[in-house]
Amino acid sequence: MPLTVVRQKLISQVLSRKAAEVVADPASEPAQEWTVMEHLLFAICREESSQEKAEVVFRQLQSRFFDWNEMRVSSPREVAEALAGLTNPRARAERMISFLQEHFESTYGFDLESLQKKGVKGAAKQLENAKGISDFTLAWISQRSLRAHTVPVDAPMMRCLKRLGLLDATVENAVEARASLDEQVEKNHGVDFTDQLSRIALDFCHDRNPACGTCPLAADCPSVRAPSAPRVRKPK
Ligand code: SF4
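Note that the structure is a prediction, hence the values are computed from the model and not measured. (Residues numbered from 1 in each chain as written. Predicted model: local features only at pLDDT ≥ 70, side-chain atom pairs only at ≥ 80, totals over all residues. Heavy atoms only, no water.)

The full set of residues close to the ligand is Arg163, Leu164, Phe204, Cys205, Pro210, Cys212, Cys215, Ala218, Cys221 and Ser223. In this structure the site holding the ligand corresponds to the largest cavity. Tallied by class, the residues present in the shell around the ligand amount to 8 nonpolar, 1 polar and 1 charged. (Near = heavy atom within 4 Å. 1 Å grid on protein atoms, 1.4 Å probe; cavity = no way out; pocket = protein on both sides within 12 Å on 5 of 7 lines; lining within 4 Å. Sits in = over half its atoms within 2 Å of the grid points. Nonpolar A, V, L, I, M, F, W, Y, C, P; charged D, E, K, R; others polar.)

Dropping the structure here:
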C-alpha cells in the first residue's frame with residue numbers, strides 16, 4: 001500500500017470515535033475567548049502535559065497572581081509553586097517570567113492582541129526569537145488564537161508520530177514535524193488531531209513500556225509491541 005494511503009488511514013484512526021472513547025476526559029474549550037497572552041502562557045503549561053492538567057494548573061496560576069505584572073516581578077520559585085502538578089515547573093516558570101519581562105521592556109504592557117492583525121507570518125516573525133517561546137508555543141498560538149493551519153508538536157507527540165510512521169525517522173525537530181503534518185492533516189481536523197494525538201502519546205505511548213495492549217491505535221501501528229512476559233524466578 002502506498003505510504004500516503006497508510007498515513008491517511010492512521011490519521012483517520014487518530015481522529016476516530018474509538019480513539020476518542022478510550023482516552024481520558026475530553027478537552028474543554030475556554031468558557032470565554034482568551035487573549036493571545038493567555039493562550040501563550042497556557043501553551044507553556046500545555047507542552048508535554050494533558051489538556052486537563054494544564055487547565056487546572058493555569059487556573060491555579062491565574063488565582064495565585066493578581067495580574068501578569070505581579071507574575072513578572074515574582075521569583076521563579078514562586079511561579080514554579082503555582083505550576084505544581086506539571087513536570088519541570090521551575091523551567092516553565094523561568095520561561096514565563098523571561099517572556100513577560102522581555103515583552104514588558106519593549107511595550108510597557110502585556111498586550112499581544114496586535115498579533116491578530118499581523119497574521120501567522122507576522123506573529124512568527126515577532127515571537128520566534130522571543131525568550132521563553134518554543135516552537136510548540138508558537139504553533140499553539142497560531143492554531144488556537146490565530147486559527148491557522150498547523151499542528152503543535154511536543155516531545156511525547158514526536159515520539160508517538162515516529163512510532164506510528166506518520167513522521168520519518170529522519171525528522172529531527174518540531175519545525176520539520178509540523179511541515180510534514182501540515183501537508184497530511186486537513187485544516188478542519190487540526191485541533192482534534194492535536195488533542196487526540198497528544199492524549200494517546202501521554203496516556204499510552206510512553207517513552208518506556210508503551211501501553212500497546214490497550215492503545216486504540218494498536219491494530220494499525222507498525223511499532224506495536226507485545227506485552228513482555230512476566231519474569232519467572234528460577235528455583236534456588
Ligand atoms: S501501539 Fe504502542 S507504539 Fe503504537 S502508538 Fe500505541 S502505544 Fe505507541
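Moving on, we come to a nonpolar patch on the surface. A surface patch of nonpolar side chains, about 390 Å² in accessible area, is lined by Met1, Leu3, Val5 and Val6. Note on placement: valine 6 falls in helix α1 (residues 3-14). (Patch = residues over 30% accessible without salt bridge, like charges linked within 9 Å, V, L, I, M, F, W, Y side chains within 5 Å. Areas by Shrake-Rupley, 256 points an atom, 1.4 Å probe, with all protein chains shown as cover. Salt bridge = Lys/Arg side-chain N within 4 Å of Asp/Glu carboxyl O. Helix = DSSP H or I, 4+ residues; strand = E, 2+ residues; numbered from the N terminus.)

Taken as a whole and judged by the stated rule, the model has 8 aromatic pairs. Look at phenylalanine 136 and tryptophan 140: their rings are 5.7 Å apart centre to centre, the planes differ by 25 degrees, and that puts the pair in the stacked class. Placement of both phenylalanine 136 and tryptophan 140 in helix α9 (residues 135-144) is noted, with a separation of 4 residues, approximately one turn of the helix. Neither residue differs from the other here; phenylalanine 136 and tryptophan 140 are each classed as buried. Three or more aromatic residues link up through ring pairs in this structure, and these residues are Trp34, Phe42, Phe58, Trp68, Phe136 and Trp140. Taking the ring centre of phenylalanine 65 as reference, the NZ or CZ of arginine 64 above it sits at 4.6 Å. One cation-aromatic arrangement involves arginine 144 over tryptophan 140; the distance from NZ or CZ to the ring centre is 4.0 Å. (Phe/Tyr/Trp six-rings, centres within 6.5 Å; stacked < 30°, edge-to-face > 60°. Buried < 20%, exposed > 50% of the residue type's maximum accessible area, 1.4 Å probe, protein only. Lys NZ or Arg CZ within 6 Å of the ring centre and 35° of its normal.)

As a further point, take helix α4 (residues 51-64). Between its first and last C-alpha, α4 extends 20 Å over 14 residues, near the 20 Å set by a 1.5 Å rise per residue. Along α4, the residues classified as buried are Gln51, Glu52, Ala54, Glu55, Val57, Phe58 and Leu61. Those residues of α4 that are buried lie in contact with α3 (36-46), α5 (68-72), α6 (76-82), α7 (89-107), α9 and α12 (190-203). (Expected span 1.5 Å × (residues − 1). Contact = heavy atoms within 4.5 Å.)

Quick look at the nonpolar core now. Among the nonpolar cores identified, the biggest contains 38 residues, and Leu40, Leu41, Leu61, Met71, Val79, Leu83 and Met96 are the most heavily contacted of them. A total of 8 residues in this core trace back to one element, the largest contributor, which is α3. In contact with leucine 61, not counting residues within four places along its chain, are Met71, Val79, Ala82, Leu83 and Met96. Core analysis: the next-biggest nonpolar cluster, separate from the first, contains 26 residues, Ile11, Val14, Met157 and Cys160 among them. (Core = buried A, V, L, I, M, F, W, Y, C linked by side-chain atoms within 4.5 Å.)

Attention shifts here to the pattern of salt bridges. Summed over all chains, the structure comprises 9 salt bridges. In this structure, the salt-bridge partner of glutamate 47 is arginine 95, at a minimum N-O distance of 3.4 Å. With glutamate 47 in the loop between α3 and α4 and arginine 95 in helix α7, the pair connects residues that are 48 residues apart, well separated along the chain. Among the salt bridges present, the one from arginine 77 reaches glutamate 81, with a minimum N-O distance of 2.9 Å. One end of the pair is arginine 77 and the other is glutamate 81, both in helix α6 and 4 residues apart, which spans about a single turn. Residue class for arginine 77 comes out partly exposed when judged on its relative accessible area of 48%. When salt bridges with common partners are traced through the structure, they connect Arg46, Arg144 and Asp195 into a single cluster.

The extent of an interface is frequently quoted as the accessible surface area lost upon association of the parts. Along its sequence, the chain is organised into domain 1 (3-26 + 150-214) and domain 2 (36-144). Relative placement of domain 1 and domain 2: their C-alpha centres are 24 Å apart. Between domain 1 and domain 2, the residue contacts involve 19 residues of the former and 14 residues of the latter. Summed over both partners, the interface of domain 1 with domain 2 comes to about 1,200 Å²; 55% of that surface belongs to carbon and sulfur atoms. The interface formed by domain 1 and domain 2 holds 3 salt bridges in total. For aspartate 135, the salt bridge is made with arginine 178, and the minimal N-O distance between the two is 2.7 Å. (Domains from an automatic or database assignment. Buried area = accessible area lost by both parts, 1.4 Å probe.)

Most peptide bonds take the trans configuration, and most residues that are not glycine carry a negative phi. Even without glycine at this site, asparagine 88 takes up a positive phi of about 45 degrees. In this fold, asparagine 88 is placed in the loop between α6 and α7. When its relative accessible area of 53% is taken as the criterion, asparagine 88 is described as exposed. Of note in this structure, arginine 147 is not a glycine but carries a positive phi near 55 degrees.

What follows concerns empty space enclosed by the protein. This model, assessed by the stated rule, comprises 1 cavity of 30 Å³ or more. Roughly 130 Å³ of internal volume is contained in the largest cavity. Around the largest cavity, the lining is made up of 16 residues, and of these Cys205, Pro210, Cys212, Cys215 and Cys221 lie nearest the centre. Per-element accounting of the lining of the largest cavity gives the leading share, 3 residues, to helix α10 (residues 155-164). When its residues are assigned to classes, the lining of the largest cavity shows 13 nonpolar, 1 polar and 2 charged. (Points joined across faces, edges and corners; volume = space filled by probe spheres on them.)

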